[in-house]
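# Examination of the molecular architecture
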Amino acid sequence: MKKELLTAILLLLPGMASAQMPSSFDASGKSAQAANGVENNDPNSVGETPNPQLFGMELPLLDPSNDSVKYGGGKFDVGNNALVRARFEKYLSQNPDERAEAKKYRKIMRELLSLTRKYTKDRQKIGSKVLVKVGKALYAAAEFDMDNGQCDALGNAIISALETQRGNRDLEEENQRMDEEIERMMKQNNIIENRNAHTRSIKSNAGKGKTGGGSDASERNTVKLADNTKKVATNTAAQVKNDATRAANLLAAKTQYQAMMVHMFIQRYYDHAVIAARLYRHIFRDGDSKLQIKEDSDASKTFVGVTGMPPTVATVDSLASTAAGDVDKSMESVRNLIAQNKMGAATQRLIEAVAVGEFMESVCTFPMESRNKVAKFWSLRKRALTAMNGRDYGGVLDIAKQMREMDIDFDDAQLKAYCSAKMKQSNMELASAQQAAEKGDMDAAKQHAQNAAIVWPLNPRLDQFQGAVEEVVNKAPLRDEFRKLYEAKEYRRIAADQARFAPVAMDPELKEKYMEAIRRVETIEGTLTQVAEMSRTDRTMGPCIAYEALRRIMREHPEYADDVPLDKALRHYETEAHDFVKLLRDAENFEQEREFGSALSSYLRARVIYPNSYMAKDGIRRVSDVIASATYQ
């Protein structure tokens with residue numbers, strides 16, 4: 001029922017065919033022109049892939065440029081979604097309506113809702129004490145600006161309906177007077193008929209020639225009879241006309257009142273719609289409450305579709321009450337979700353509540369602090385949509401991280417996978433461009449660089465590669481800078497700017513040095529990553545393993561001795577494995593001083609701390625061989 005009701009209300013909202021938020025980001029990277037059905041035959045359009053898929057199923061993706069959804073090879077209009085967003089953003093920027101006037105107004109509305117539950121059964125009296133009280137309360141509420149003239153309109157509609165009822169009552173009383181006149185004249189006609197019959201009987205008995213004055217009386221009776229008959233016909237016709245007028249007036253009054261009531265429901269003034277529906281039985285007491293709605297209209301389809309029955313005034317009362325209750329529950333859900341840091345679900349529930357019940361008390365009094373939280377998450381979502389549409393995948397990931405911090409349920413796994421794939425695709429194109437440049441094939445390098453830019457226009461390596469290409473024009477400055485860095489053993493600076501320095505690899509003299517600098521940094525970084533993971537997973541022996549691994553690489557590659565991060569890491573693990581390192585150093589010192597017994601003891605103690613130590617094992621073997629051969633004398 002809740003889903004059908006929400007759908008019905010949204011169908012009636014002008015220009016608001018969809019209040020749903022976008023289900024995902026536009027990750028296709030297609031332009032608005034392509035989204036509008038224009039084919040893109042550009043052979044260089046690399047990266048404009050179909051919608052991403054999850055578990056083999058295509059994801060429906062919103063194109064913010066034209067508010068359409070691409071799915072299943074088709075494009076679907078989601079309605080004026082921009083209007084929904086604009087109204088929602090306006091709501092988020094407004095202060096909660098906690099003014100004293102607003103509280104007085106809401107108090108009057110609650111009194112009206114309570115007052116209209118009462119009902120008097122006096123069918124003979126137009127209006128009631130309830131209507132008098134309601135009228136006063138309506139005009140009191142109409143004085144407040146937040147009412148937007150709804151109570152005034154309802155009060156005027158009630159007066160108009162009552163005036164029509166009074167006019168119909170006058171016509172009914174006129175018909176009753178004519179009934180009495182017709183009955184009187186019919187009685188006179190009967191008397192005249194009887195007199196005429198008596199006169200004819202006397203004439204028949206008395207014979208001819210004795211009519212005298214009886215003939216004149218008969219003629220007068222005949223004239224009187226005709227006159228009465230004419231008056232009866234005239235009154236009867238007037239009664240028929242009055243009945244038709246009464247029926248037409250009543251239908252018009254009902255239609256006008258119901259139109260106002262349904263309009264209030266459509267405009268989401270649910271309290272007003274409920275009050276109007278409940279007052280209907282006070283105004284129209286004939287028991288007919290069927291809504292005068294044109295068949296096959298949107299309103300008729302909505303009410304019939306929700307209830308499955310012909311629409312009545314009670315239908316409006318029920319739908320408005322249900323919608324109001326559902327909005328209150330949605331707002332309660334919003335508060336609970338915000339308290340649990342589930343901003344995505346809270347935003348979805350809030351936009352539904354605002355779209356359906358913008359004028360409800362629970363919506364109008366929603367705290368500003370909570371609005372600001374939703375507004376921040378909503379702003380991040382808009383920025384993410386814009387960034388994705390602009391293929392700023394790095395920006396999307398940064399925004400997704402912020403959204404994940406705000407929403408514990410925010411699932412960015414697919415988003416990360418998609419963006420990472422696009423970023424890697426762009427980087428691979430750049431790598432191909434560098435390879436082509438190294439071979440001297442600048443046309444291929446240009447094409448690969450262009451492909452990389454199409455896939456990820458904001459790839460930071462594009463600027464580096466562009467700078468490198470520009471440097472090719474003047475190779476001498478680039479080669480000189482590279483030589484200075486290489487001779488100063490600034491391998492890391494070369495690796496960090498490898499895209500810019502890639503053109504120097506086209507020089508046979510410098511190509512090997514360029515590759516060597518990149519390889520050295522990659523080897524060191526790989527080693528540092530491995531030892532860091534070992535130290536993290538095993539806090540007991542992990543630092544010992546890391547220390548020995550770094551000692552081995554520095555012993556086998558003396559050229560790495562000047563690498564600052566490597567030396568810093570070695571110092572760090574020396575501290576982490578202090579006891580183990582101290583025993584190894586003591587053993588090495590004893591061994592140099594030819595105190596082999598003490599050296600063997602220290603090596604053995606170091607091996608107790610880290611049984612698989614290759615340094616302790618080699619030291620034990622060396623010292624044992626010396627002791628066994630007795631050559632230490």
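Everything that follows concerns the structure shown earlier in this document.
Residues numbered from 1 in each chain as written. Predicted model: local features only at pLDDT ≥ 70, side-chain atom pairs only at ≥ 80, totals over all residues. Heavy atoms only, no water.

### So, the overall build of the chain
Here is the rule: Numbering goes from the N terminus for both helices and strands, where a helix is a DSSP run of H or I of at least four residues and a strand is a run of E of at least two. Accessible area is worked out with a 1.4 Å probe on protein chains only. A residue is then buried under 20% of its type maximum, exposed over 50%, and partly exposed in between. Any two residues whose heavy atoms approach within 4.5 Å at even a single point are treated as in contact. Only the protein chains shown count as cover for residues, with accessible areas throughout obtained via the Shrake-Rupley method and a probe of 1.4 Å.
Assigned secondary structure in the chain consists of 26 helices and 5 strands. Counting all 633 residues of the chain, 41% fall into the buried class. Looking at the chain alone, contacts between residues at least 24 apart form 69% of all its contacts between residues at least 6 apart. With an accessible surface of roughly 34,200 Å², the chain has 52% of that area assigned to carbon and sulfur atoms.

### Section: helix α25 (residues 596-609)
Stated precisely, the cut-off is as follows: Take the residue count of a helix, subtract one, and multiply by 1.5 Å to get its expected span. Taken from the helix axis, the directions to the C-beta atoms give the arc we talk about.
With 14 residues, α25 ought to run about 20 Å at 1.5 Å a step, and its terminal C-alpha atoms sit 20 Å apart, in line with that. Turning to α25, its buried residues number three or more, namely F596, A599, S602, Y603 and A606. Seen end-on, α25 carries its buried residues on one side only, within an arc spanning 125°. Set apart from the buried face of α25 by more than 90 degrees, the exposed residues are G597, R605 and V608. If you follow the buried residues of α25, they end up packed against α24 (578-592) and α26 (614-629).

### Describing the packing of helix α8 (residues 270-283) against helix α10 (residues 313-339)
Put simply, the rule is: Between N-to-C directions, angles cover 0 to 180 degrees, with each direction set by a line fitted to C-alpha atoms, over the stretch in contact for helices. Here the word oblique covers every angle except those under 35 degrees (roughly parallel), over 145 (roughly antiparallel) and from 65 to 115 (roughly perpendicular). In this scheme, a crossing is called left-handed if the near helix is turned counterclockwise away from the far one by less than a right angle; it is called right-handed if the turn is clockwise. Under the grouping applied here, Gly and all other residues not named as nonpolar or charged are polar, the nonpolar ones being Ala, Val, Leu, Ile, Met, Phe, Trp, Tyr, Cys and Pro and the charged ones Asp, Glu, Lys and Arg.
Where α8 meets α10, the closest approach of the two axes is 9 Å, and the angle between their N-to-C directions is 150°. Looking at the two axes, α8 sits roughly antiparallel to α10. As α8 packs across α10, the resulting crossing turns out to be left-handed. Contacts between α8 and α10 involve Y270, A273, V274, A277, R278 and Y280 from the first element and V313, V316, D317, A320, S321, A323 and A324 from the second. For the contact of α8 with α10, a count of residues per class yields 10 nonpolar, 1 polar and 2 charged.

### Here's the deal with the pattern of salt bridges
Heads up, the rule is: Salt bridge, as applied in this entry: a Lys or Arg side-chain nitrogen positioned within 4 Å of an Asp or Glu carboxyl oxygen.
Overall, the coordinates contain 18 salt bridges when judged by the stated rule. The partner of K342 in a salt bridge is D409, with the nearest N and O atoms 3.7 Å apart. Here K342, found in the loop between α10 and α11 (343-357), pairs with D409, found in the loop between α14 (393-406) and α15 (413-438); they are 67 residues apart in sequence, far enough to count as distant. For D586, the salt bridge identified is with K582, shortest N-O distance 3.1 Å. Of the two residues, D586 and K582 both sit in helix α24, 4 residues apart, roughly one turn of that helix. Judged by its relative accessible area of 25%, D586 is partly exposed.

### Brief notes about the packing of aromatic side chains
Ring pairs (aromatic) are described by centroid distance and by the angle formed between their planes. We apply this condition: For Phe, Tyr and Trp, rings pair up if their centres lie within 6.5 Å, where Trp contributes its six-membered ring, and each pair is then called stacked (planes under 30 degrees apart), edge-to-face (over 60) or tilted (otherwise).
Summed over all chains, the structure comprises 10 aromatic pairs. Their ring planes at 75° and their centres at 4.9 Å tell us that F88 and W378 sit as a pair that is edge-to-face. Of this pair, F88 sits in helix α3 (residues 81-93) while W378 sits in helix α13 (residues 368-389), placing them 290 residues apart in sequence. Among the residues examined, F88 registers a relative accessible area of 1% and is labelled buried. Here Y257 and Y280 contribute two aromatic rings whose centre-to-centre distance is 5.9 Å and whose plane-to-plane angle is 50°, an arrangement assigned as tilted.

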